[in-house]
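Notes for the structure review
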Amino acid sequence: MLLGLAKDELGADLDNWQPGQLTTVLYDLLPYSGSVRPGWIDELRAAFPQFVTILRQTGRLQLADLLEGEAEAALNDPGLGRTDPVDWCRYRRRQNASGGPVEGRAELPVERRAELPVEPLPGSPTPVALMPSRLAAAAAGSELLGDLHEFALEVYRTKKEQPEHRLWRIAVLAGWICPSPVSPQYGPSMHAWSPDDPELTPARPLVAWLETYRVVLTESPSLIDVLLTAFRDGTAAAAEGTEQLERLGAVTVVEGRLGLTAIGVRGLFTRGRWADPEYWLLDPGQWWANLRSEDLIAFMTAASKLCLVEQAWSVQRWFEQADPLEFAYQLVRLGSQVHGAVLNTVFGYLLRIGLEAAPAVEEWLVTEELSGLGWVWFDAIGAPMAGIPTEHAQYLATTEMVRSLDDLRALLDWYAEYPPEPPLPGTTIDELMFAVPLRIGTARVNTLVQRVLNAELAEEPGDRDELFGIIAAAREQLLE
């Protein structure tokens, strides 16, 4: 497999093997070949010595020495064998960047160290993100990323490194190009931006955008304070270096004042608790008919974690704008992709649509993993369906209910450690009841949740223990 990749991508063969080709295949080609499977590195480490033995037995002593020398460093590299190709390529890029010049290749630029902020400045608003497809569209429209894409194509096609080019440094550090002892290869950002087979590997322009943004800021760390100030105050005085941020699409500059775009905010806070996009406040915008699955997953996840902007109003707006049956089909088709509290939120929203959602929910009845929830849904709206779910379907439905209870407990623990700022309004907290199983969706539980999470209500002694006891008892009953 490795020799085939070397032949197809590098024009390599055993009669004309060049130093560095094995490393290039391992680090820069194999991760994106679709051939990686669990345990492949152990198979390779076992097979390679046998291959070298065959080379020696057939008289190819010089080639055997060359491959053995190169493989000794490559196969013992602790970074090799990671399942994520982005991690592989970043690891290799960091190693090369700190290792000085390598024969046959221009010296790589060394990335300057700068830490992105963990938290906004005091007095700043809570960071808000757009729906994933909106962010992806903003990333895809970046002028700078378009230039980096074209530059990476040129470098790859000509198979020549261009260290004097104005884009070379950022292209290497941001993973658009991965320098190689043989010839430059596409790095992780290039693969995320423009995969060879979009059907197998969907383009992920936001991944490439965020990595490029990170590098731009680590190259010009003085801009970080400017951006933090702009986020807190709405705008800040434009500073030297903001031109590249403007071409990236991270900021706008009007009459000497710099303002952060939505995607610019998303890229600024990627450390600490903000590293998990599920804990960002999400601005869902308006419901639209061609919602992508990642948009709906983001919406449902944010709703289940009370992380929608103006939650109750946003949810209500969607229900007012959406075609009930079309929205129901969108929700139903999401069922196999989400779990726990997120799936229970889908279930609750289908209940909220009511009988008009029935034709869509019938699709669950013919899907083993969701049929148990489908029967529960029809019972809950007062239109029970004939028949009963299989024992396995009932087990799967119970499992999801248990997971939703665990998610509720985890969310309560999270807000105890990180109290929301500003405090959650009562109408938002009411929405949490869509994320819990019907069996504990009582007025008493809603009252307890309000007193535990609502800063405007006084929490009475024993409230938290009572709520946790109800969750534990329901969990135990489900598992009996």
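All of the points below concern the structure found in this document. Throughout this document, residue positions are counted from 1 along each chain, in the order its sequence is written. Note on the predicted model: pLDDT of at least 70 is required for a residue's local features to be given, and 80 or more for side-chain atom pairs to be given and counted; whole-chain, interface and lining totals, by contrast, use all residues. For the side-chain quantities, the full set of heavy atoms in the structure was used; hydrogens and water were omitted.

**So, the overall build of the chain**
Cut-off, in case you're wondering: Here a strand is any run of E in DSSP of at least two residues, a helix any run of H or I of at least four, and the numbering for each starts at the N terminus. A 1.4 Å probe rolled over the protein chains alone gives each residue an accessible area, and that area as a share of the maximum for its type sets the label: buried under 20%, exposed over 50%, partly exposed in between. By definition in these notes, contact holds between two residues if any of their heavy atoms fall within 4.5 Å. Accessible surface area values rest on a Shrake-Rupley calculation with a 1.4 Å probe, where residue burial reflects the displayed protein chains alone.
Looking only at helices and strands, the chain has 23 helices and seven strands in total. Relative to its 480 residues, the chain shows a buried fraction of 48%. Pairs at least 24 residues apart make up 66% of the contacts formed inside the chain by residues separated by at least 6 positions. In the structure as shown, the chain presents an accessible area of about 22800 Å², 52% of it carried by carbon and sulfur atoms.

**Topic: the environment of Asn-76**
Relative to the helices and strands, Asn-76 resides in the loop between α4 (61-75) and α5 (85-98). By relative accessible area, which is 59% here, Asn-76 ends up exposed. On a C-alpha basis, the gap between Asn-76 and Arg-45 in space is 9.0 Å, while along the polypeptide they are 31 residues apart.

**So, the packing of helix α7 (residues 143-158) against helix α10 (residues 205-219)**
Spelled out, the test is: As a rule, the C-alpha atoms of each element are fitted with a line to give its axis, helices using only the stretch in contact, and angles between N-to-C directions run from 0 to 180 degrees. Roughly parallel means an angle under 35 degrees; roughly antiparallel, over 145; roughly perpendicular, 65 to 115; everything else is oblique. Classification used: nonpolar for Ala, Val, Leu, Ile, Met, Phe, Trp, Tyr, Cys and Pro, charged for Asp, Glu, Lys and Arg, polar for all others including Gly.
With their axes 11 Å apart at the nearest point, α7 and α10 run at an angle of 100° to one another. Relative to α10, the element α7 is oriented roughly perpendicular. Taking contact as the criterion, the partners of Leu-144, Leu-145 and Leu-148 in α7 are, on α10, Pro-205, Ala-208, Trp-209 and Thr-212. The class makeup of the residues in the contact of α7 with α10 is six nonpolar, one polar and no charged.

**Structural notes on the environment of Leu-167**
Take Leu-167: it is sitting in the loop between α7 and α8 (168-173). Once the C-alpha coordinates of Leu-167 and Ala-152 are considered, the two residues, 15 residues apart in sequence, prove to be 9.3 Å apart. When residues no more than four places from it in sequence are discounted, the contact partners of Leu-167 are Leu-144, Asp-147, Leu-148 and Phe-151.

**Let's talk about unusual backbone geometry**
When glycine is set aside, most residues are seen to have a negative phi, and most peptide bonds are trans. A positive phi angle is found at Glu-255, which is not glycine, with a value near 50°. Note on placement: Glu-255 falls in the loop between β5 (251-254) and β6 (257-260). Taking relative accessible area as the criterion, Glu-255 reaches 81% and is therefore assigned exposed. Despite not being glycine, Leu-306 has its phi angle at roughly 60°, a positive value.

**Comments concerning the packing of aromatic side chains**
So the rule is basically this: Under the pairing criterion, centres of Phe, Tyr and Trp rings, with the six-membered ring standing for Trp, must be within 6.5 Å; the plane angle then separates stacked pairs below 30 degrees from edge-to-face pairs above 60, leaving the rest tilted.
A full pass over the atoms with the stated rule returns 17 aromatic pairs. Consider the rings of Trp-274 and Trp-280, whose centres lie 5.7 Å apart with planes at 70°: the pair is edge-to-face. A single burial state applies to Trp-274 and to Trp-280, both of which are buried. Seen from their ring centres, Phe-299 and Tyr-349 are 6.4 Å apart, and the 65° between their planes marks the pair as edge-to-face. In this pair, Phe-299 sits in helix α14 (residues 293-304) while Tyr-349 sits in helix α17 (residues 340-353), placing the two residues 50 residues apart along the sequence. Neither residue differs from the other here; Phe-299 and Tyr-349 are each classed as buried.

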